[in-house]
Amino acid sequence: MKPPRHFYAPLAAGAPPPLRELPVRLERMIHFVPPHLEKVRAKVPETARQVDVILANLEDAIPADAKDAARAGAILMGAMDLGGASLWSRINALNSPWHLDDVTELVAGLGEKLDVMMIPKVEGPWDIHYMDQLLALLEAKHGLTKPILLHAILETAQGVANVEAIAGASPRIQGVSLGPADLAASRKMKTTRVGGGHPSYRVLADAGEGARASVQQDLWHYTLAKMVDACAMHGIKPFYGPFGDIADAEACEQQFRNAYLMGCVGAWSLHPSQIAIARRVFSPDVEEVRFALRILEAMPDGAGVAMLDGKMQDDATWKQAKVIVDLARRVAAKEPEMAGVYGL
Ligand code: GLV
Ligand code: MG
């Protein structure tokens with residue numbers, strides 16, 4: 001293990017020092033764009049105004065014969081006015097024929113405009129160490145003054161087993177997303193879906209009189225919980241990934257909401273219709289914010305005990321309330337109309 005004093009040392013002469021704190025940013029939706037499609041790319045400045053993060057996707061869903069065009073399109077996105085949205089790119093996997101050109105050309109072409117590089121199929125901390133070193137060399141070569149952050153997709157069984165080590169592998173790590181489609185394949189799950197539940201994954205009530213009640217369970221609960229704890233332990237951000245059934249807005253919203261309640265800060269939007277869903281889910285609920293504000297008011301120094309509407313409040317509920325109010329303040333700072341709605 002690297003000694004603590006070395007953890008924040010630049011990995012190449014002339015590379016920017018690693019960040020000690022992550023930038024404070026809203027990242028409620030990471031909106032995926034296929035950058036090789038000129039028509040979609042032309043709408044990027046408009047789309048970017050509706051999202052927190054716009055992501056140039058170079059990996060899965062981009063045909064092999066369009067990989068070069070997608071990379072070139074991603075670099076063109078760097079010259080656009082993104083209206084304050086963060087610019088991310090999902091590059092191809094470390095063992096793919098496109099990986100090296102993705103990394104070298106994106107750093108050369110986008111430089112500091114690229115906030116975060118999303119790395120698919122991360123298996124363990126060694127993948128992050130490799131990316132960390134390569135990016136430091138490229139940052140030094142191109143004279144970047146701020147580091148490009150890394151986001152890992154958790155989408156292999158090995159990656160899930162190593163998620164704590166991945167989350168703590170480098171100060172460059174910004175967050176982790178659940179990748180339920182590849183993870184299902186890696187685990188040999190018997191599904192053909194991108195995220196969401198399955199009607200046959202359920203618990204049946206005991207046999208007795210009459211029909212037996214049964215309830216569908218969440219296939220992703222274990223992985224999501226493990227990922228959230230690993231991220232919280234290392235002070236980085238957890239995200240739900242993609243929800244592939246674009247037509248089922250209700251199920252998408254429920255899956256996102258479960259992830260939000262468990263601690264995730266955002267999810268991917270694969271289609272414009274999912275942007276509003278993610279904004280609604282990952283911005284705190286108005287009633288929760290108002291109640292959280294009452295908790296903070298009732299216990300101004302965060303200590304002691306108070307009763308509100310018959311519910312006991314102590315320093316643990318004060319801390320929960322602070323999470324919600326802090327998030328509401330960040331939302332209100334970006335969307336001023338929300339300040340009044342939240343009562344801030
Ligand atoms: C995302 O990349 C996934 O595989 O779900
Ligand atoms: Mg995947």
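Scroll up to find the structure.
Residues numbered from 1 in each chain as written. Chains lettered and ligands numbered in written order. Predicted model: local features only at pLDDT ≥ 70, side-chain atom pairs only at ≥ 80, totals over all residues. Heavy atoms only, no water.

**As for the packing of helix α4 (residues 99-110) against helix α5 (residues 125-141)**
Note the following rule: Only the stretch in contact is used when a helix axis is fitted, and all axes are lines through C-alpha atoms; the angle between N-to-C directions ranges over 0 to 180 degrees. The secondary structure listing takes helices from DSSP runs of H or I that are at least 4 residues long and strands from runs of E that are at least 2 residues long, numbered from the N terminus. Should an angle fall under 35 degrees it is taken as roughly parallel, and over 145 as roughly antiparallel, whereas 65 to 115 is taken as roughly perpendicular and any remaining angle as oblique. What makes a crossing left-handed is the near helix being turned counterclockwise from the far one by less than a right angle; a clockwise turn instead makes it right-handed. Note on contacts: a residue pair qualifies if any of its non-hydrogen atoms lie within 4.5 Å across the two residues.
Running from N to C, α4 and α5 cross one another at 40°; their axes reach a closest spacing of 10 Å. Classed by the angle they form, the pair α4 and α5 counts as oblique. In this structure, α4 crosses over α5, and the sense of that crossing is right-handed. Listed contacts from α5 to H99, L100, V103, T104 and V107 of α4 are Y130, M131, L134, L135, L138 and E139.

**Let's talk about the sheet that holds strand β3 (residues 86-90)**
Rules: For two strands to be treated as a pair, DSSP must find no fewer than two bridges joining them.
Across the sheet, which stays open at both edges, the eight strands sit in the order β9-β6-β5-β4-β3-β2-β1-β10 with parallel pairing between neighbours. The sheet is open, and its two borders are formed by β9 (237-239) and β10 (267-269), each paired with just one other strand. Each strand axis lies, on average, 25° off the axis of its neighbour in the sheet, ignoring direction. Where β3 meets strand β4 (residues 116-119), three bridges bridge the pair, whose relative direction is parallel. Paired with R90 across the two strands is M118, which belongs to β4.

**Looking at the pairing of β3**
Threshold: In this scheme, a residue with accessible area under 20% of its type's maximum is buried, one over 50% is exposed, and one in between is partly exposed, where area comes from a 1.4 Å probe on protein chains only. A clockwise course of the path from the first strand over the helix to the second, judged with the strands pointing away from the viewer, identifies a crossover as right-handed.
For β3, a buried count of five out of five residues is recorded, marking the element as mostly surrounded by other parts of the structure. As defined by bridge partners, strand β2 (residues 53-57) adjoins β3 across five bridges and the pair is classed as parallel. Counted as the bridge partner of N57 is R90 from β3. You can see the chain leave β2, run along helix α3 (residues 67-77) and come back into β3, and the turn it takes is right-handed. Taken together, β3, α4 and β4 form a β-α-β motif whose crossover is right-handed.

**What to know about the coordination of the magnesium ion (ligand 2)**
Quick note on the threshold: In this listing, donors mean N, O and S atoms no farther than 2.8 Å from the metal, or 3.2 Å for Na, K and Ca; water is missing from the atoms, so a site can look incomplete.
Every protein donor of the magnesium ion (ligand 2) is listed here as E155 (OE) and D182 (OD), and their distances to the metal cover 2.0 to 2.2 Å. Placement of the pair is E155 in the loop between β5 (149-154) and α6 (157-161) and D182 in helix α8 (residues 180-187), with a sequence separation of 27 residues.

**Topic: the packing of α3 against α4**
Let me state the cut-off plainly: All amino acids are sorted into three groups, where Ala, Val, Leu, Ile, Met, Phe, Trp, Tyr, Cys and Pro are nonpolar, Asp, Glu, Lys and Arg are charged, and the leftover types, Gly among them, are polar.
It is the contact of α3 with α4, at a shortest axis distance of 9 Å, that shows an interaxial angle of 25°. Between α3 and α4, the angle falls in the class roughly parallel. Of the two possible hands of crossing, α3 and α4 adopt the one that is right-handed. When α3 is examined against α4, the residues R71, A74 and I75 are found in contact with a partner set consisting of D101, D102, E105, L106, G109 and L110. Its residues assigned to classes, the contact of α3 with α4 shows four nonpolar, one polar and four charged.

**Description of the site of ligand 1**
Put simply, the rule reads: We define proximity as follows: a residue is near a molecule or strand when any one of its heavy atoms falls within 4 Å of that partner. Each accessible area value is a Shrake-Rupley result obtained with a 1.4 Å probe; residue values ignore everything except the protein chains displayed when judging cover.
Looking at ligand 1, the residues that line it are R90, E155, G179, P180, A181, D182, P242 and W268. Look at ligand 1: alone it shows 190 Å² of surface, and the protein chains cover 94% of it. Sort the elements by how many residues they give to the shell around ligand 1 and α8 lands first, with three residues. Looking at side-chain class alone, the shell around ligand 1 contains four nonpolar, one polar and three charged residues.

**Digging into the packing of aromatic side chains**
Defined as follows: Note on aromatic pairs: the rings of Phe, Tyr and Trp (six-membered ring only in Trp) are paired at centre separations within 6.5 Å, and the planes decide the class, stacked below 30 degrees, edge-to-face beyond 60, tilted for the rest. The criterion is that NZ of a Lys, or CZ of an Arg, lies within 6 Å of the ring centre and within 35 degrees of the ring normal, and then a charge sits over that ring.
Tallied over the entire structure, the rule returns six aromatic pairs. Consider the rings of F7 and Y8, whose centres lie 5.7 Å apart with planes at 85°: the pair is edge-to-face. A relative accessible area of 28% means that Y8 is categorised as partly exposed. Look at F32 and W268: their rings are 4.5 Å apart centre to centre, the planes differ by 25°, and that puts the pair in the stacked class. Here W268 lies in strand β10 and F32 lies in strand β1 (residues 29-33), a separation of 236 residues in the sequence. Residues F32 and W268 agree in their burial class; the two are buried. Feature note: the residues Y240, F256, Y260 and F282 constitute an aromatic cluster, connected by ring pairs. The cationic tip of R20 hangs over the ring face of Y8; the distance from NZ or CZ to the ring centre is 4.2 Å. Across from the ring centre of W98, 4.8 Å away, lies the NZ or CZ of K67, which sits over that ring.

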